[in-house]
Amino acid sequence: MSNAVRPYHHKTPTIGKRVFIDSSAVVIGDVSIGDDSSVWPTAVIRGDMHSIIIGARTSIQDGSVLHITHSSDYNPEGYPLTIGDDVTVGHKAVLHGCTIHDRCLIGIGSIILDGAVIEEEVIVGAGSLVPPGKRLESGFVYKGNPAAKSRPISEKEKTFFQYSAANYVKLKDSFID
């Protein structure tokens, strides 16, 4: 894990308890990862010009890219990247300077851009594009390019958020032990 976690300009990632970071992943700079989370092969989490906060029991799947938007004359505050608790980020997702609240599923290959906000208990369908500044309302499935509200989340799907988070905690524990 030590080669995967790197400081940048005197900022070293803060890693919670029982976190799994695959040796082929990269976690750089101003990054905080909550307890029992996992970062899978070839994921890149680069907090070089702003902060990245990842909550507890959150899984960042293989090949995902997580980055920020720096502050500039064009965007004085920049956009950090914030991900809540019990979030499953699918393979090869790109999350850039956005906010994702608790208990969400970000589908495989999805792209979520600067200033977008994903409220709690949202499913973003595989391959969807969430454009800059868009807000996705809690309790719905969103799909497409650009992502559009598809339908309400079912009761069964609501239970999946906790199931998926617990499943990845169990899996990462098998890699740690």
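Everything that follows concerns the structure shown earlier in this document.
Attention in this report is confined to the structure presented alongside it. (Residues numbered from 1 in each chain as written. Predicted model: local features only at pLDDT ≥ 70, side-chain atom pairs only at ≥ 80, totals over all residues. Heavy atoms only, no water.)

All right, on to the layout of surface pockets then. In this structure, the largest pocket spans a volume of roughly 190 Å³. What lines the largest pocket is a set of 16 residues, and nearest its centre among them are Thr88, Gly90, Leu105, Ile108 and Tyr168. Broken down by secondary-structure element, the contributors of at least two residues to the lining of the largest pocket are strand S13 (105-106), strand S16 (123-124) and helix H1 (155-176). Top element by residues in the lining of the largest pocket is H1. It accounts for four residues. Partitioned by chemical class, the residues of the lining of the largest pocket number eight nonpolar, eight polar and no charged. (1 Å grid on protein atoms, 1.4 Å probe; cavity = no way out; pocket = protein on both sides within 12 Å on 5 of 7 lines; lining within 4 Å. Points joined across faces, edges and corners; volume = space filled by probe spheres on them. Helix = DSSP H or I, 4+ residues; strand = E, 2+ residues; numbered from the N terminus. Nonpolar A, V, L, I, M, F, W, Y, C, P; charged D, E, K, R; others polar.)

Ordered in space as S3-S5-S7-S10-S13-S16-S19-S20, the eight strands form an open sheet in which the pairing is mixed. Of all the strands in the sheet, the pair left with one neighbour each is strand S3 (20-21) and strand S20 (148-152). Relative to strand S19 (residues 140-143), S16 runs parallel, the two sharing two bridges. For Val124, the partnering residue across the bridge sits in S19 and is Tyr142. (Pairing = 2+ DSSP bridges.)

Take unusual backbone geometry next. Following Asn145, the chain continues into Pro146 via a peptide bond in cis, with omega recorded as 5 degrees. Among the structural elements, Pro146 can be located in the loop between S19 and S20. With a phi angle near 65 degrees, His10 is a residue other than glycine that sits in the positive phi range. Here His10 lies in the loop between strand S1 (5-6) and strand S2 (14-15). Its identity as a non-glycine residue notwithstanding, Glu121 has a phi of 55 degrees, on the positive side. Within the element layout of this structure, Glu121 appears in the loop between strand S15 (117-118) and S16.

Considering all chains together, one arrives at 12 salt bridges under this definition. Across the pair Asp30 and Lys11 runs a salt bridge whose closest N-O atoms are separated by 3.7 Å. Linking Asp30 in strand S4 (residues 26-33) with Lys11 in the loop between S1 and S2, this pair joins segments that are 19 residues apart in sequence. The exposure class assigned to Asp30 is partly exposed, which follows from its relative accessible area of 28%. (Salt bridge = Lys/Arg side-chain N within 4 Å of Asp/Glu carboxyl O. Buried < 20%, exposed > 50% of the residue type's maximum accessible area, 1.4 Å probe, protein only.)

This part is about the packing of aromatic side chains. Tallying each qualifying case throughout the model produces five aromatic pairs. A ring pair is formed by Phe160 and Tyr163, whose centres lie 5.8 Å apart and whose planes are at 40 degrees; its orientation type is tilted. One end of the pair, Phe160, and the other, Tyr163, are both in helix H1, three residues apart, so they sit about a helical turn from each other. Three or more aromatic residues link up through ring pairs in this structure, and these residues are Phe20, Trp40, Tyr168 and Phe175. The ring of Phe140 carries Lys149 above its face, with NZ or CZ at 4.1 Å from the centroid. (Phe/Tyr/Trp six-rings, centres within 6.5 Å; stacked < 30°, edge-to-face > 60°. Lys NZ or Arg CZ within 6 Å of the ring centre and 35° of its normal.)

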